[in-house]
Amino acid sequence: MAFDKMELRDIEVWDGNHAAAQALRQCQIDVVAAYPITPSTPIVEGYAKFLADGYVEGEFVLVESEHAAMSGCIGAAAAGGRVATATSSQGYALMVETLYQASGMRLPIVLNVVNRALAAPLNVNGDHSDMYLGRDSGWIQLNAYCPQDAYDLNFIAFRVAEDHGVRLPCMVHQDGFMTSHTAQGVKTMTDDVAYSFVGDFKPMNDMLDFEHPVTHGVQTEEDWHFEHKARQHNDLMTKVMPKVQAAFDDFEKLTGRKYNIVEKYDMDDADVAVVCMGTSVETAREVATEMRAKGIKAGVVGIRVIRPFPFFEIQEALKGAKAIATLDRSAPGGAPGMLFNEMAGCLFNLDKRPLLSGKIYGLGGRDLTKKHLVDLYTELQANVDAGKVLTPLQQFIGVRGPKLSFL
Amino acid sequence: MANRGWDEFEIGAMLRSFDGVSNDIATTQQEDRNYSQSNSFVASVADWRIEKPIFAKDFCIDCQFCWIYCPDMSIIARDKKMIGVDMDHCKGCGICVEVCPTNPKSLLMFPEHADEEAELAKWPAKESKEK
């Protein structure tokens, strides 16, 4: 192929956006159809620059909306290319209709989602509202906690999504600004090593195979729709996790960096645990270690694969805990919170289940401080000592005014 | 195909046009193509038609206007000769009648239940031009 390779240092100082853009370059994406939106803009801008500078052989398609961006990606993927884009927040919301098209058509598109709050009121900072919006869309959703993860998980995403036993689109989530604009040391792969991990794109049922013409995007009514949705759900539930695990294993062999479907931290003997996602996982780990010094056996469960939901892996991770709190970074809209509900579903049928409470935090980029987590672990330990949840089941962390609690 | 279960089809609601390899489809007549079961060519997709075209061969000049204009490729023509209408795919839109230049027209619309032979027997006569 006619493109230049880029010399990278073993460790580069990259923010999450640049890490993702470099991964797209190294995977040699054929088509990026994009409509830029804060805070994800530098990802597609980065790809466009690599393309203009001759480091990628591909097409960059500037479109008029995020709906068109994902539609362009769907067309290019159905035609038989390696396809990716990036978005955030309102753009992601506009993309939702086409997200379902992509997964239903089984097109292995990779979407980098730099998580940001949803208006109104308008807010460009990080929370998980947009990520939650797509959780029933039939995509695989991987969650990065830092720029290193954002880089690595893109390779995992292409490897899994494009596998002919999977053929489902995959999102790589990172926290807006907290990951996307925070520069950290990122261990790199050389272009050759990185590309070898994902390999050449292997088309399947592609429209450019003229010897085998196919129709994509068909209509089915009550006579067929259910079967197609059942097949898609079956494949999500049974085929994805083994491929993700295999990709994690191969990636560890290649780079020494180990990823897990559920990231357990000090959970072997933990009495109290916090379940969370994104950058909060790293903060919670630091606080958990400090709580251990104070005699509280604290642990953290970070969710790496959000969809398909790691039901049994979470059961296994939490089975020994006595009190847990879920941290949802999304306004729950009149419900207990996604993680609270998912944990309740996981744990309900266990013989011995931990005390469960749910926290809403960090909306619109509000900081989750170490003090918040110290207080939370202390509260969870009090629940363990009392043998019951002493607080309301749903509480808001870090919002001004009188303490806000429900349920 | 109608009773196939959820795990018995290809993924992605993707439909194949033909079974096997199709190398030279543009020069292969429809009746010689290896259409797959999921191709609408092998199904009737005309059951909502309420008016149908009837073809009066005697007046046709094989101009091919109907063949060009038909939006559903339902005019059957071979060697540039009009043969008839594919009634499994014709939706009854009447465009073929509209574009037919002969006098009288070689295609006219009738209710779906009309008898073809009876209508052909009383086909309109040539209209004389008024001076």
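Note that the coordinates shown come from a computational prediction; the quantities given were computed from them, not determined experimentally.

Across its full length, chain B carries three helices and five strands. In sequence order, the secondary structure elements of chain B are arranged as β-β-α-β-β-α-β-α. Relative to its length of 131 residues, chain B is extended, with a C-alpha radius of gyration of 19 Å against a globular reference of 14 Å. A buried classification covers 16% of the 131 residues belonging to chain B. Considering only residue pairs separated by 6 or more positions, chain B has 52% of its internal contacts joining residues 24 or more positions apart.

When helices and strands are tallied, chain A shows 13 helices and 17 strands. A globule of 407 residues ought to have a C-alpha radius of gyration of about 22 Å, and chain A, at 21 Å, matches this closely. Projecting the C-alpha coordinates of chain A onto the three principal axes gives extents of approximately 70 × 55 × 45 Å. Sorting the 407 residues of chain A into buried and exposed places 52% on the buried side. Across chain A, every contact between residues at least 6 apart in sequence was considered, and the portion connecting residues at least 24 apart equals 79%.

Take the domain arrangement of chain B next. Its domain assignment divides chain B into domain 1 (10-43) and domain 2 (46-124). One C-alpha centre belongs to domain 1 of chain B, the other to domain 2 of chain B; they are set 26 Å apart.

Attention now goes to the nonpolar core. Ala20, Cys73, Ala157, Val160, Cys170, Ala273 and Val274 of chain A are the most contacted members of the largest nonpolar core, which totals 118 residues. Ranked by residues supplied to this core, first place goes to helix α6 (residues 147-162) of chain A with nine residues. The residue makeup of this core includes at least three contributed by each of domain 1 (11-255) and domain 2 (262-406) of chain A. Those residues in contact with Val274 of chain A that sit more than four places away from it in its chain are Ala284, Val300, Ala325, Leu327, Leu373 and Leu376 of chain A. Cys70, Val85, Leu107 and Leu108 of chain B belong to the second-largest nonpolar core, a separate cluster that totals 12 residues.

In this section: the sheet that holds strand β14 (residues 323-328) of chain A. Residue and element names in this part refer to chain A. The sheet built from seven strands is open, its strands ordered β10-β12-β11-β14-β15-β16-β17 with mixed pairing. Strands with a single pairing partner mark the edges of an open sheet, and in this sheet they are β10 (262-265) and β17 (405-406). Where β14 lies against strand β15 (residues 355-361), six bridges are found, and the strand directions are parallel. The residue bridging Thr326 from the neighbouring strand is Gly358, located in β15.

Further remarks concern the domain arrangement of chain A. Residues and elements named next belong to chain A. The domains assigned to chain A are domain 1 (11-255) and domain 2 (262-406). Measuring from the centre of the C-alpha atoms in domain 1 to the corresponding centre in domain 2 gives 28 Å. Among the elements that take part in the side of domain 1 that touches domain 2, strand β6 (residues 140-143) stands out by supplying four residues, more than any other. A per-class count over the side of domain 1 that touches domain 2 returns 14 nonpolar, nine polar and three charged.

Glancing now at the packing of helix α1 (residues 16-26) of chain A against α6 of chain A. Helix-helix packing is described using two parameters, namely the angle between the two axes and the distance between the axes. All names here are of chain A. For the pair α1 and α6, the least separation of the axes is 8 Å and the interaxial angle reads 20°. One way to sum up the angle between α1 and α6 is to call them roughly parallel. Regarding α1 and α6, the two cross each other, and that crossing is right-handed. Seen from α1, the contacting residues are Gly16, Ala19, Ala20, Gln22, Ala23 and Leu24; seen from α6, they are Pro147, Ala150, Tyr151, Asn154 and Phe155. Broken down by class, the residue content of the contact of α1 with α6 amounts to eight nonpolar, three polar and no charged.

Take the interface of chain A and chain B next. Counting residues at the interface gives 17 residues for chain A, matched by 14 residues for chain B. A per-element tally of the side of chain A that touches chain B places helix α8 (residues 225-238) of chain A first, with four residues. Two strands pair when backbone bridges link them, and strand β9 (residues 214-215) of chain A and strand β1 (residues 15-16) of chain B are joined in this way by two bridges, in the antiparallel orientation. When the bridges of β1 of chain B are listed, Val214 of chain A appears paired with Arg16 of chain B.

Another point: helix α2 (residues 41-52) of chain A. Note that an α-helix has 3.6 residues per turn; residues three or four places apart therefore point the same way. Over its 12 residues, α2 of chain A extends 16 Å from the first C-alpha to the last, a length consistent with the 16 Å expected when each residue adds 1.5 Å. Residue Gly54 of chain A follows α2 of chain A closely and has a positive phi angle near 85°.

Turning next to the sheet that holds strand β13 (residues 305-307) of chain A. All names here are of chain A. Reading across the sheet, the five strands line up as β4-β5-β7-β6-β13 and stay open at both edges, with mixed pairing between neighbours. With partners counted over all chains shown, the strands left at the sheet margins are β4 (84-87) and β13, one partner each. On average, each strand axis in the sheet is tilted by 25° relative to the strand beside it, whichever way the strands run. Where β6 and strand β7 (residues 170-175) come together, four bridges link them in parallel fashion. Its bridge partner lying in β7, Ile140 is registered against Cys170.

Turning our eyes to something else, we now look at the pairing of strand β5 (residues 110-115) of chain A. Residues and elements named next belong to chain A. For β5, a buried count of six out of six residues is recorded, marking the element as mostly surrounded by other parts of the structure. Of the two faces of β5, the one holding Val110, Asn112 and Val114 and the one holding Leu111, Val113 and Asn115 are both buried throughout. In terms of strand pairing, β4 meets β5 through four bridges, oriented parallel. Counterpart to Ala86 in the pairing with β5 is Asn112. In this view, the connection linking β4 to its parallel neighbour β5 by way of helix α4 (residues 89-104) has right-handed handedness. Taken together, the six bridges between β5 and β7 define a ladder with parallel strand orientation. Bridge pairing in β7 links Val113 to His173.

Calculation notes
- Residues numbered from 1 in each chain as written.
- Chains lettered and ligands numbered in written order.
- Predicted model: local features only at pLDDT ≥ 70, side-chain atom pairs only at ≥ 80, totals over all residues.
- Helix = DSSP H or I, 4+ residues; strand = E, 2+ residues; numbered from the N terminus.
- Rg over C-alpha atoms; globule rule 2.2 N^0.38 Å.
- Buried ≥ 20, exposed ≤ 12 C-beta atoms within 10 Å, placed from the backbone.
- Contact = placed C-beta atoms within 7 Å.
- Domains from an automatic or database assignment.
- Core = buried A, V, L, I, M, F, W, Y, C linked by C-beta atoms within 7 Å.
- Pairing = 2+ DSSP bridges.
- Nonpolar A, V, L, I, M, F, W, Y, C, P; charged D, E, K, R; others polar.
- Axes fitted to C-alpha atoms, helices over the stretch in contact; angles between N-to-C directions.
- Parallel < 35°, antiparallel > 145°, perpendicular 65-115°, else oblique.
- Left-handed = near helix turned anticlockwise from the far one by under 90°.
- Expected span 1.5 Å × (residues − 1).
- Right-handed = clockwise from strand over helix to strand, strands pointing away.

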